[in-house]
Amino acid sequence: MCKHILNAQVAIRAPCCKKWFDCAECHAAVSDHPLRKTDEMAFACKKCKKVFRKDMTDYEEEDEFCPHCDNQYVIDALTPEASIGIETEDIRVDNRVVRDDRLRKKTEQVTSIFGIDGSHMMG
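Rules behind the numbers
Residues numbered from 1 in each chain as written. Predicted model: local features only at pLDDT ≥ 70, side-chain atom pairs only at ≥ 80, totals over all residues. Heavy atoms only, no water. Helix = DSSP H or I, 4+ residues; strand = E, 2+ residues; numbered from the N terminus. Contact = heavy atoms within 4.5 Å. Buried < 20%, exposed > 50% of the residue type's maximum accessible area, 1.4 Å probe, protein only. Patch = residues over 30% accessible without salt bridge, like charges linked within 9 Å, V, L, I, M, F, W, Y side chains within 5 Å. Areas by Shrake-Rupley, 256 points an atom, 1.4 Å probe, with all protein chains shown as cover. Salt bridge = Lys/Arg side-chain N within 4 Å of Asp/Glu carboxyl O. Core = buried A, V, L, I, M, F, W, Y, C linked by side-chain atoms within 4.5 Å. Pairing = 2+ DSSP bridges. Phe/Tyr/Trp six-rings, centres within 6.5 Å; stacked < 30°, edge-to-face > 60°.

Draft legend 1. Examining the side chain of His4 more closely. With respect to the element layout, His4 can be found in the segment before β1 (10–13). The residues touching His4, leaving out its near neighbours within four places in the chain, are Cys23, Glu25, Cys26, Leu78, Thr79 and Pro80.

Draft legend 2. A look at unusual backbone geometry. Unlike most non-glycine residues, Lys49 shows phi in positive territory, near 65°. With respect to the helices and strands, the residue Lys49 is situated in the loop between β3 (40–45) and β4 (51–55). Here Asp70, not a glycine, exhibits a phi torsion of approximately 60°, which is positive. Along the chain, Asp70 falls in the segment after β4. Overall, Asp70 belongs to the exposed group, its relative accessible area being 60%.

Draft legend 3. Representation of a nonpolar patch on the surface. A cluster of nonpolar side chains, Ile113, Phe114, Ile116 and Met121, forms an exposed patch at the surface whose accessible area comes to about 520 Å². Summarising the element assignment, Phe114 is placed in the segment after β4.

Draft legend 4. Seen up close, the nonpolar core. Membership of the largest hydrophobic core is limited to 7 residues, which are Val10, Ile12, Phe43, Cys45, Phe52, Cys66 and Tyr73. Counting only elements with at least two residues in this core, the list comes to β1 and β3. Not counting the four nearest positions on each side in its chain, Tyr73 is found in contact with Gln9, Val10, Phe43, Phe52, Lys54, Tyr59, Asp63, Glu64, Phe65 and Cys66. With 5 residues, the next largest nonpolar core counts Ala14, Phe21, Cys23 and Cys26 among its residues.

Draft legend 5. The arrangement of the pattern of salt bridges in detail. Counted by the stated rule, this structure contains 3 salt bridges. Lys46 is paired through a salt bridge with Asp22; the nearest N and O atoms lie 2.9 Å apart. Of this pair, Lys46 sits in the loop between β3 and β4 while Asp22 sits in the loop between β2 (20–21) and α1 (24–30), and the two are 24 residues apart along the sequence. On the basis of relative accessible area, Lys46 is assigned to the partly exposed category, the value being 32%. For the salt bridge of Glu40 with Arg53, the shortest nitrogen-to-oxygen distance reads 3.4 Å. In this pair, Glu40 sits in strand β3 while Arg53 sits in strand β4, placing the two residues 13 residues apart along the sequence.

Draft legend 6. Representation of the sheet that holds β3 within the structure. Read from one edge to the other, the open sheet built from 4 strands follows the order β2-β1-β3-β4, with strand pairing classed as antiparallel. Edge positions in the open sheet fall to β2 and β4, since each of these has one partner strand only. Sheet analysis places β3 next to β4, joined by 5 bridges and oriented antiparallel. From the neighbouring strand, Phe43 faces β4, where its bridge partner is Phe52.

Draft legend 7. Main features of the packing of aromatic side chains. In total, this model carries 3 aromatic pairs according to the counting rule given. Taking 5.4 Å as the distance between ring centres and 40° as the angle between the ring planes, the aromatic pair formed by Phe43 and Tyr73 counts as tilted. One end of the pair, Phe43, is in strand β3; the other, Tyr73, is in the segment after β4, and 30 residues separate them in sequence. Overall, the relative accessible area of 6% leaves Phe43 in the buried class. Under the relative-accessibility criterion, Tyr73 is labelled buried at 10%. Judged by centre distance (5.6 Å) and plane angle (50°), the ring pair of Phe52 and Tyr73 falls under tilted. With Phe52 in strand β4 and Tyr73 in the segment after β4, the pair connects residues that are 21 residues apart, well separated along the chain. Summarising the burial analysis for this pair, Phe52 and Tyr73 share the class buried. Three or more aromatic residues joined by ring pairs form one cluster here, namely Phe43, Phe52 and Tyr73.

See the structure below:
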């Protein structure tokens, strides 16, 4: 599983060490040598699990699809982004992080139904 590209559709075979990687950054992370450039690359489709070769000197738009299952493997990469979140248990068990809009502050005591402003609750 690649941690650099979240939606990798193919694995590439590194021509320098003959090992399979999800992306060039995965190769750089575990290898002690740079990825050797080549004119012909070997790919393994993650959808149909079949291997195929592509000539990179004569690469055209129809070469963006797996020749076996027509899975489009040349797509915009989704990369992981840092985010801050709250990790909690199941909300049904621990609901301290959920704000309940029904609770009112003690200063907002309602004495009549006509004193309630419900315009923010209407769709």
